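# Observations on the three-dimensional arrangement
The chain contents come next:
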Amino acid sequence: MKITLNVFSTLRRVIESKFVELELPRNSTVKKLLSSLQGNYGSGYKNETSRSLYDSLVERYDLFLNKKALLIPQDLDVILKDGDELVILLPSGGG
Amino acid sequence: MYGSKGKLLRVNLTKNEVTKEDLDEKIVKTFLGGRGLGAYVLYRELKPGVDPLGPENKLIFATGPVVGAPFAGNARYVVMGKSPLTGGWGEASAAGWFGPQLKFAGFDAIIVEGKAEKPVYLLVNDGEAEIRDANHLWGKIIGEVQDKIREEVNNDKLCVASIGPGGENLVRYACIISDLHRAAGRCGLGAIMGSKKLKSIAVHGTEGVKVHDSGKLRELAKIAVKEAMDGWGDGLHKNGTDRILEDLSGSGRLPTKNFQLTSFSGDQKITGETMTDKILVNRWHCYACPVGCIRIVKAEQPYIVDPAYGGPEYETAASFGSMCLNDNLVSIAKANELCNKFTIDTISAGVSIAFAMECYEKGLIDEDDVDVDLSWGNYETIVKLIEKIAFRNGIGDLLAEGVMRAAEKLGGDARKYAMHIKGMELPMHEPRGKKGVGLSYATSNRGACHLQTIHDDTYEKKKDLVPEIGLDTALSRYDTSESKARMVKIGQDLWGLYDCMIVCKFTPHPAGIKLKTLNGIFNAITDWSFSEKDLMAVGERAFNLCRVFNVREGVTRMDDTVPERFSEPVSETVSQGQTFTQKTLSKMLDYYYRCRGWDEKTGIPTRETLERLNLGWVAKDLK
């Protein structure tokens, strides 16, 4: 099934695109998607930031599935459907 | 006393006199410094109804007990006075070296009163102060002024805070700038300085800050550095405050086209990472801080941009960028440079220009009446307008008044496009996407301000909560419940505490340094054994005193509003459908006033609340 990813800033640079279409096996969970991002882009992300991509996605970023905020860790087990869109955003604290 | 110097400098420009005064330890223990000390002095010494641009207004430059002691985030100062923009509490803070140098010179604060007959500057050097002639400096941009003063005093280490033509011409949002690019930006405090004919204050000192337990401080300062860099520090170092622009746009929360939109197609061109790639030449550090969030930029085309004047922060990139539909990064950097040279606030200037562009679009400003093309996105116009505003030329004279007064002059629907609260232009955070910030905009004592409370994003996750001070509930950024109102109040008290100590908001919670560490640092410096509760009470006390200052000037619940524009739903991305209506705000105000211990109908602090905060002595002034 196809999932669309929408990313910004550092992630956009590492993945080299603002929008990415990912192919995942049916019934993949959010966790599977994040692990697959770690697999494909983890070393590029580490080069840029000295941080683990998976850990950053789970701890630092805000994840929105079809425009609704995901709660981590509960929603890591949410099962994705064909055509879902995941937006990954940095929170903004001020300044 | 440890930390504080126990000394104030009072400068009477009418009498041309400088006097040194003792600062009582009791007052410092109650208010610390910064906002608290300034509010205490101004509340007592200013009568209500004073003309902000008249000689009876006062201007205070305040440090705090921890300023100048060696730890990350200790390098700020706060300037205060009755604002020419809002007619109420005026306050702005800045970074760099001025605050520490004032402490090293032997003073906690400077109180400026009266008005000089001719332009003057104040020199403060190792315990002594002198008012000097500045006739030859009046009209000059701040770089020239700094050079000349250092040369004539023969001290190239002098830290100089100045006004440029913006302050001299009483632009209502003129600012005060030190180190050529650190701005006490908002509320028009530069115009107060201009009205007093005070061009600059130059400070230098060699006396360190007395610390109670320097071993303990050293130990905690090391921990603080690690906590700060693990938090926001690393990201701020790399790409500055503007690193958030692209993600704000992506989340439908970037002020765009005068707040008509919330996402900008040109976001990648003006975001922090692009600034780093294209025009960044250096990163600048405040005294004792490893973060280095400050940008130094240089460019040649289409404008020559001088790195001596720093570089754009996020607020500036958005106010001259997305707000005006401008995606030309160098023009934003040029506008920033000119705002610094001429000393006008970049946020208010950008919002004023966006206002003009919308009025032009809607036919309220005729193209025959102006000699600039006010079409959206015209970056040449933006750059031209900075100078026109600073020198009050043509339409610059109208825009120099700020959007509230400009809209009154234009009449018709103009006030719908004037994005201000209590007279101060809105900064670059969307209330529809950060509803706690929306409530804080409405209740901020200096008018619309994004630096009063912790932003909603930072307590969406359980792991970022601080339950010991009541930040105990993870809430969505869009939540408007009683819990959210309570969190806003607690955040205002915490960040208000920072404005009294004074510490930078980019190192302590939520930026990284834990409250426990900061508490330890405070006690290691001062020897006062304050608990976290004691510290939070300082922040709450100062916030309430500033509120009472405003109430005395006539502010009530009616003034705690947000612009009508936010009743329109967001159309972009994950914030789609979100609104921030007067009805929502009204409900949140009910919760908030209850939390604060203020009268729900009027928004006035109750006698009971004032007495609990050791402010019972102001209760007699309130009906």
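Everything that follows concerns the structure shown earlier in this document.
Procedures and definitions
Residues numbered from 1 in each chain as written. Chains lettered and ligands numbered in written order. Predicted model: local features only at pLDDT ≥ 70, side-chain atom pairs only at ≥ 80, totals over all residues. Heavy atoms only, no water. Helix = DSSP H or I, 4+ residues; strand = E, 2+ residues; numbered from the N terminus. Rg over C-alpha atoms; globule rule 2.2 N^0.38 Å. Buried < 20%, exposed > 50% of the residue type's maximum accessible area, 1.4 Å probe, protein only. Contact = heavy atoms within 4.5 Å. Areas by Shrake-Rupley, 256 points an atom, 1.4 Å probe, with all protein chains shown as cover. Lys, Arg positive; Asp, Glu negative; His and termini not counted. Charge placed at Lys NZ, Arg CZ, Asp CG, Glu CD. Pairing = 2+ DSSP bridges. Axes fitted to C-alpha atoms, helices over the stretch in contact; angles between N-to-C directions. Polar contact = N/O pair within 3.5 Å; in protein donor to acceptor, adjacent residues only side chain to side chain. Core = buried A, V, L, I, M, F, W, Y, C linked by side-chain atoms within 4.5 Å.

### A word on the overall build of chain B
Counting secondary structure elements, chain B contains 22 helices and 16 strands. For 623 residues, the compact-globule formula gives about 25 Å, and the C-alpha radius of gyration of chain B, at 22 Å, lands near that figure. Projected onto the principal axes, the alpha-carbon positions of chain B cover approximately 60 × 55 × 50 Å. Here chain B holds 623 residues, and the buried ones make up 68% of them. In chain B, the share of contacts with a sequence separation of at least 24, taken over all contacts with a separation of at least 6, comes to 69%. When the accessible surface of chain B is totalled, it reaches about 20,200 Å², and 47% of it is carbon and sulfur. Positive and negative side-chain charges of chain B, numbering 81 and 84 respectively, have mean locations separated by a distance of 4 Å.

### Things to note about the sheet that holds strand β6 (residues 109-113) of chain B
Residue and element names in this part refer to chain B. The mixed open sheet is built from six strands, whose spatial order is β2-β1-β6-β3-β4-β5. Single-partner strands in this sheet number two, and they are β2 (17-22) and β5 (89-94). In this sheet, neighbouring strand axes are inclined to one another by 15° on average, regardless of whether the strands run parallel or antiparallel. Across the sheet, helix α2 (residues 34-45) touches β1 (7-12), β3 (58-62), β4 (77-82), β5 and β6, and the angle it forms with β4 is around 25°.

### Considerations on the side chain of Asn 155 of chain B
Residue and element names in this part refer to chain B. Among the secondary structure elements, Asn 155 is positioned in the loop between α4 (142-153) and β9 (159-162). Within polar-contact distance, the side chain of Asn 155 engages the backbone nitrogen of Lys 157 at 2.8 Å. A polar contact of 3.3 Å, which involves the side chain of Asn 155, links it to the side chain of His 204. The contacts of Asn 155, once residues within four sequence positions are left out, are Asn 125, Arg 150 and His 204.

### With respect to the nonpolar core
Core analysis: the biggest nonpolar cluster contains 214 residues, and Phe 61, Ile 110, Val 124, Ile 176, Phe 355 and Leu 374 of chain B have the highest contact counts within it. Apart from the residues lying within four places of it in its own chain, the contact partners of Phe 61 of chain B are Tyr 77, Val 78, Val 79, Phe 98, Leu 102, Asp 108, Ala 109, Ile 110, Ile 176, Met 193 and Ile 201 of chain B.

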